[in-house]
2 protein chains.
Amino acid sequence: MCKASNVKSVSLDTLFELSEFFKFFGDTTRIRVIHLLLSGEMSVSAIAEKLNLEQSVVSHQLRILRTANLVKPTRDGRKIYYALDDEHIGEIFNTGLAHILHKKKG
Amino acid sequence: MCKASNVKSVSLDTLFELSEFFKFFGDTTRIRVIHLLLSGEMSVSAIAEKLNLEQSVVSHQLRILRTANLVKPTRDGRKIYYALDDEHIGEIFNTGLAHILHKKKG
DNA sequence: TAAATATATGAACAACAATTCATATATACA
DNA sequence: TGTATATATGAATTGTTGTTCATATATTTA
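Residues numbered from 1 in each chain as written. Chains lettered and ligands numbered in written order. Predicted model: local features only at pLDDT ≥ 70, side-chain atom pairs only at ≥ 80, totals over all residues. Heavy atoms only, no water.

**A few points about the protein's contact with DNA strand D**
Spelled out, the test is: Any residue with a heavy atom lying within 4 Å of a molecule or strand is counted as near it. For the purposes of these results, a polar contact is taken to be a pair of N or O atoms within 3.5 Å, where, inside protein, one atom must be able to donate a hydrogen and its partner to accept one; residues adjacent in sequence count only when each atom of the pair is a side-chain atom. Numbering of helices and strands starts at the N terminus; helices are DSSP runs of H or I of at least 4 residues and strands are runs of E of at least 2. Classification used: nonpolar for Ala, Val, Leu, Ile, Met, Phe, Trp, Tyr, Cys and Pro, charged for Asp, Glu, Lys and Arg, polar for all others including Gly.
Around DNA strand D lies a shell of 26 residues, among which Arg30(A), Ser45(B), Gln55(B), His60(B) and Tyr82(B) are the nearest. In this structure, Ser59(B) approaches DNA strand D through a side-chain N or O atom, which is 3.0 Å from a phosphate oxygen. The separation between a sugar or linking oxygen of DNA strand D and a polar side-chain atom of Arg78(B) is 3.1 Å. Elements represented by at least two residues in the surface near DNA strand D include exactly helix H2 (28-37) and helix H4 (55-67) of chain A together with helix H3 (44-51), helix H4 (55-67) and strand E3 (79-84) of chain B. The element that contributes the greatest number of residues to the surface near DNA strand D is H4(B), accounting for 6 residues. In terms of residue class, the surface near DNA strand D is built from 5 nonpolar, 11 polar and 10 charged.

Here you go:
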(Lines give C-alpha, C1' and ligand atoms only; values in the text may rest on other atoms or scores of the structure.)
Protein backbone atom coordinates (compact mmCIF):
# COMPACT_ATOMS: atom_id res chain seq x y z
CA MET A 1 0.00 0.00 0.00
CA CYS A 2 1.24 3.41 -0.90
CA LYS A 3 0.87 6.49 1.19
CA ALA A 4 -1.00 9.28 -0.57
CA SER A 5 1.36 11.94 -1.86
CA ASN A 6 1.41 14.66 -4.47
CA VAL A 7 5.10 14.06 -5.10
CA LYS A 8 6.14 11.44 -7.62
CA SER A 9 8.42 8.73 -6.34
CA VAL A 10 11.68 8.54 -8.25
CA SER A 11 13.86 5.44 -8.53
CA LEU A 12 17.29 5.35 -6.93
CA ASP A 13 18.75 4.95 -10.39
CA THR A 14 17.02 8.04 -11.74
CA LEU A 15 18.04 10.07 -8.69
CA PHE A 16 21.63 9.08 -9.34
CA GLU A 17 21.38 10.15 -12.97
CA LEU A 18 19.76 13.38 -11.88
CA SER A 19 22.62 14.22 -9.54
CA GLU A 20 25.11 13.36 -12.27
CA PHE A 21 23.23 15.67 -14.59
CA PHE A 22 23.30 18.58 -12.15
CA LYS A 23 27.04 18.09 -11.74
CA PHE A 24 27.55 19.42 -15.26
CA PHE A 25 26.13 22.74 -14.09
CA GLY A 26 28.08 22.65 -10.85
CA ASP A 27 31.38 23.93 -12.17
CA THR A 28 32.26 27.54 -12.88
CA THR A 29 34.07 26.84 -16.12
CA ARG A 30 31.29 24.71 -17.52
CA ILE A 31 28.52 27.08 -16.49
CA ARG A 32 30.40 29.93 -18.15
CA VAL A 33 30.71 27.89 -21.33
CA ILE A 34 27.03 27.00 -21.20
CA HIS A 35 26.09 30.63 -20.64
CA LEU A 36 28.20 31.67 -23.60
CA LEU A 37 26.67 29.05 -25.87
CA LEU A 38 23.16 30.16 -24.94
CA SER A 39 23.77 33.00 -27.40
CA GLY A 40 24.78 30.64 -30.17
CA GLU A 41 27.55 28.37 -31.38
CA MET A 42 31.18 29.30 -30.96
CA SER A 43 34.59 27.86 -31.77
CA VAL A 44 36.89 26.47 -29.09
CA SER A 45 39.42 29.25 -29.50
CA ALA A 46 36.71 31.90 -29.39
CA ILE A 47 35.33 30.41 -26.19
CA ALA A 48 38.78 30.33 -24.65
CA GLU A 49 39.46 33.92 -25.63
CA LYS A 50 36.08 35.20 -24.49
CA LEU A 51 36.35 33.46 -21.12
CA ASN A 52 40.06 34.14 -20.76
CA LEU A 53 40.83 30.47 -20.30
CA GLU A 54 43.55 28.17 -21.61
CA GLN A 55 42.57 26.24 -24.70
CA SER A 56 43.13 22.89 -23.02
CA VAL A 57 40.89 23.83 -20.12
CA VAL A 58 38.10 24.61 -22.54
CA SER A 59 38.69 21.45 -24.58
CA HIS A 60 38.67 19.28 -21.47
CA GLN A 61 35.42 20.74 -20.25
CA LEU A 62 33.86 20.59 -23.71
CA ARG A 63 34.68 16.92 -23.83
CA ILE A 64 32.76 16.38 -20.61
CA LEU A 65 29.77 18.29 -21.96
CA ARG A 66 30.06 16.55 -25.33
CA THR A 67 30.18 13.10 -23.78
CA ALA A 68 26.99 13.94 -21.93
CA ASN A 69 25.39 15.19 -25.14
CA LEU A 70 24.97 18.67 -23.76
CA VAL A 71 26.97 20.21 -26.59
CA LYS A 72 27.46 19.24 -30.19
CA PRO A 73 30.56 19.94 -32.30
CA THR A 74 30.56 20.91 -35.96
CA ARG A 75 33.80 21.15 -37.85
CA ASP A 76 34.39 23.95 -40.32
CA GLY A 77 37.88 23.85 -41.70
CA ARG A 78 40.22 23.53 -38.77
CA LYS A 79 37.85 25.20 -36.41
CA ILE A 80 35.26 23.30 -34.44
CA TYR A 81 32.11 25.09 -33.45
CA TYR A 82 30.24 23.98 -30.38
CA ALA A 83 26.55 24.49 -29.82
CA LEU A 84 24.17 23.46 -27.07
CA ASP A 85 22.62 20.17 -28.08
CA ASP A 86 19.70 20.01 -25.72
CA GLU A 87 16.74 22.32 -25.58
CA HIS A 88 16.39 21.80 -21.84
CA ILE A 89 19.73 23.31 -20.92
CA GLY A 90 18.58 26.89 -21.22
CA GLU A 91 15.53 26.13 -19.14
CA ILE A 92 17.55 24.59 -16.34
CA PHE A 93 20.12 27.38 -16.48
CA ASN A 94 17.40 30.00 -16.26
CA THR A 95 15.54 28.26 -13.46
CA GLY A 96 18.70 28.25 -11.37
CA LEU A 97 19.54 31.79 -12.37
CA ALA A 98 16.09 33.00 -11.33
CA HIS A 99 16.71 31.50 -7.92
CA ILE A 100 20.09 33.21 -7.52
CA LEU A 101 18.79 36.58 -8.66
CA HIS A 102 15.73 36.30 -6.44
CA LYS A 103 17.97 35.50 -3.48
CA LYS A 104 20.23 38.49 -4.19
CA LYS A 105 17.31 40.88 -3.95
CA GLY A 106 16.66 39.60 -0.42
CA MET B 1 28.16 48.80 -28.70
CA CYS B 2 26.47 45.59 -27.77
CA LYS B 3 25.56 42.86 -30.17
CA ALA B 4 21.85 42.18 -30.28
CA SER B 5 20.98 39.08 -28.30
CA ASN B 6 17.95 37.53 -26.71
CA VAL B 7 20.09 36.05 -23.94
CA LYS B 8 20.76 38.07 -20.82
CA SER B 9 24.36 38.66 -19.92
CA VAL B 10 25.23 37.35 -16.47
CA SER B 11 28.10 38.61 -14.33
CA LEU B 12 31.05 36.37 -13.56
CA ASP B 13 30.12 36.58 -9.92
CA THR B 14 26.57 35.43 -10.52
CA LEU B 15 27.74 32.59 -12.74
CA PHE B 16 30.02 31.45 -9.94
CA GLU B 17 27.13 31.52 -7.46
CA LEU B 18 24.99 29.67 -9.95
CA SER B 19 27.51 26.85 -10.29
CA GLU B 20 27.85 26.70 -6.51
CA PHE B 21 24.10 26.43 -6.27
CA PHE B 22 23.87 23.57 -8.76
CA LYS B 23 26.56 21.73 -6.80
CA PHE B 24 24.04 21.13 -4.02
CA PHE B 25 21.99 19.07 -6.47
CA GLY B 26 25.05 17.34 -7.86
CA ASP B 27 25.44 14.71 -5.17
CA THR B 28 23.45 11.50 -4.87
CA THR B 29 23.01 11.69 -1.14
CA ARG B 30 21.82 15.27 -1.19
CA ILE B 31 19.48 14.79 -4.13
CA ARG B 32 17.94 11.80 -2.34
CA VAL B 33 17.43 13.90 0.77
CA ILE B 34 15.91 16.70 -1.28
CA HIS B 35 13.63 14.26 -3.06
CA LEU B 36 12.49 12.85 0.27
CA LEU B 37 11.78 16.28 1.73
CA LEU B 38 9.69 17.24 -1.29
CA SER B 39 6.97 15.16 0.38
CA GLY B 40 7.31 17.04 3.65
CA GLU B 41 9.50 17.51 6.69
CA MET B 42 11.27 14.56 8.28
CA SER B 43 13.58 13.91 11.21
CA VAL B 44 17.26 13.12 10.74
CA SER B 45 16.86 9.55 11.95
CA ALA B 46 13.84 9.01 9.71
CA ILE B 47 15.78 10.28 6.70
CA ALA B 48 18.72 8.03 7.54
CA GLU B 49 16.45 5.02 7.93
CA LYS B 50 14.44 5.72 4.80
CA LEU B 51 17.57 6.21 2.68
CA ASN B 52 19.51 3.46 4.41
CA LEU B 53 22.35 5.81 5.28
CA GLU B 54 24.45 6.32 8.39
CA GLN B 55 23.19 9.05 10.68
CA SER B 56 26.42 11.02 10.41
CA VAL B 57 26.31 10.96 6.63
CA VAL B 58 22.85 12.48 6.73
CA SER B 59 23.83 15.04 9.35
CA HIS B 60 26.88 16.13 7.38
CA GLN B 61 24.89 16.60 4.20
CA LEU B 62 22.06 18.33 6.03
CA ARG B 63 24.56 20.79 7.42
CA ILE B 64 25.66 21.64 3.88
CA LEU B 65 22.07 22.14 2.79
CA ARG B 66 21.26 24.06 5.97
CA THR B 67 24.22 26.40 5.57
CA ALA B 68 23.00 27.18 2.07
CA ASN B 69 19.48 27.80 3.40
CA LEU B 70 18.04 25.00 1.31
CA VAL B 71 16.65 23.23 4.35
CA LYS B 72 15.39 24.50 7.67
CA PRO B 73 15.53 22.59 10.98
CA THR B 74 12.84 22.61 13.64
CA ARG B 75 13.44 20.94 16.96
CA ASP B 76 10.71 18.94 18.62
CA GLY B 77 11.97 17.34 21.78
CA ARG B 78 15.18 15.59 20.92
CA LYS B 79 14.25 15.13 17.32
CA ILE B 80 15.03 17.70 14.69
CA TYR B 81 12.78 17.90 11.68
CA TYR B 82 14.15 19.18 8.42
CA ALA B 83 12.05 20.79 5.72
CA LEU B 84 12.89 22.40 2.40
CA ASP B 85 13.32 26.10 3.00
CA ASP B 86 13.08 27.39 -0.53
CA GLU B 87 10.12 27.24 -2.83
CA HIS B 88 12.40 27.06 -5.88
CA ILE B 89 13.99 23.76 -4.96
CA GLY B 90 11.09 21.67 -6.15
CA GLU B 91 11.01 23.58 -9.40
CA ILE B 92 14.68 23.02 -10.10
CA PHE B 93 14.47 19.38 -9.09
CA ASN B 94 11.52 18.82 -11.40
CA THR B 95 13.07 20.67 -14.32
CA GLY B 96 16.12 18.41 -14.11
CA LEU B 97 13.99 15.35 -13.59
CA ALA B 98 11.92 16.14 -16.67
CA HIS B 99 15.13 16.25 -18.67
CA ILE B 100 16.30 12.88 -17.37
CA LEU B 101 12.95 11.20 -17.95
CA HIS B 102 12.67 12.72 -21.41
CA LYS B 103 16.13 11.42 -22.27
CA LYS B 104 15.28 7.92 -21.04
CA LYS B 105 12.36 7.66 -23.42
CA GLY B 106 14.74 8.34 -26.32
C1' DT C 1 55.51 17.98 -48.12
C1' DA C 2 56.64 21.24 -44.56
C1' DA C 3 54.92 24.74 -41.54
C1' DA C 4 51.26 26.87 -39.17
C1' DT C 5 46.92 26.72 -36.89
C1' DA C 6 43.05 24.53 -34.23
C1' DT C 7 41.66 21.17 -31.24
C1' DA C 8 42.09 16.96 -28.38
C1' DT C 9 44.06 14.17 -25.01
C1' DG C 10 47.05 11.65 -21.51
C1' DA C 11 49.53 11.93 -17.24
C1' DA C 12 50.76 14.23 -13.11
C1' DC C 13 49.45 17.17 -9.65
C1' DA C 14 46.62 19.74 -6.52
C1' DA C 15 42.38 20.88 -4.57
C1' DC C 16 38.17 19.45 -2.99
C1' DA C 17 34.40 16.72 -1.25
C1' DA C 18 32.14 12.60 0.78
C1' DT C 19 32.32 9.01 4.10
C1' DT C 20 33.83 6.81 8.31
C1' DC C 21 34.67 6.62 13.03
C1' DA C 22 34.91 8.50 17.36
C1' DT C 23 33.10 11.69 20.25
C1' DA C 24 30.59 15.83 21.78
C1' DT C 25 26.26 18.21 22.75
C1' DA C 26 21.50 18.48 23.85
C1' DT C 27 17.15 16.75 25.38
C1' DA C 28 14.09 13.56 27.82
C1' DC C 29 13.06 10.61 31.31
C1' DA C 30 13.71 7.28 35.14
C1' DT D 1 21.53 13.21 38.70
C1' DG D 2 22.46 9.40 35.69
C1' DT D 3 21.19 7.03 31.48
C1' DA D 4 19.33 6.68 26.99
C1' DT D 5 18.27 8.83 22.69
C1' DA D 6 18.86 12.19 18.81
C1' DT D 7 21.78 14.96 16.36
C1' DA D 8 26.15 17.40 15.31
C1' DT D 9 30.87 17.70 14.47
C1' DG D 10 36.07 17.10 14.01
C1' DA D 11 39.77 14.45 12.07
C1' DA D 12 41.43 11.09 9.09
C1' DT D 13 40.91 8.77 4.95
C1' DT D 14 39.57 8.00 0.39
C1' DG D 15 37.75 9.08 -3.96
C1' DT D 16 36.83 12.41 -7.33
C1' DT D 17 37.59 16.36 -10.25
C1' DG D 18 39.79 20.38 -12.44
C1' DT D 19 43.95 22.30 -14.15
C1' DT D 20 48.52 22.22 -16.09
C1' DC D 21 51.86 20.86 -19.24
C1' DA D 22 53.43 18.35 -22.93
C1' DT D 23 52.24 16.29 -26.95
C1' DA D 24 49.30 14.19 -30.53
C1' DT D 25 45.98 14.63 -34.33
C1' DA D 26 43.76 17.01 -38.02
C1' DT D 27 43.30 20.63 -41.37
C1' DT D 28 44.89 24.35 -44.27
C1' DT D 29 48.13 26.72 -46.98
C1' DA D 30 52.70 28.01 -48.74
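**Section: H3(B)**
Residue and element names in this part refer to chain B. What counts, and what does not: Residue exposure (1.4 Å probe, protein chains only): buried if accessible area is under 20% of the type maximum, exposed if over 50%, otherwise partly exposed. Comment: arc refers to directions from the helix axis out to C-beta atoms. The contact criterion used throughout is that any non-hydrogen atoms of two residues lie within 4.5 Å.
Buried residues of H3: Val44, Ile47, Ala48 and Leu51, and no others. In an axial view of H3, the angular spread of the buried residues amounts to 95 degrees, which keeps them on one side of the axis. Seen from the buried face of H3, the exposed residues on the opposite side, beyond 90 degrees, are Glu49 and Lys50. In this structure, the buried side of H3 is in contact with helix H2 (28-37), strand E1 (42-43), H4 and E3. Of the residues flanking the end of H3, it is Asn52, one or two places downstream, whose phi is positive at about 55 degrees.

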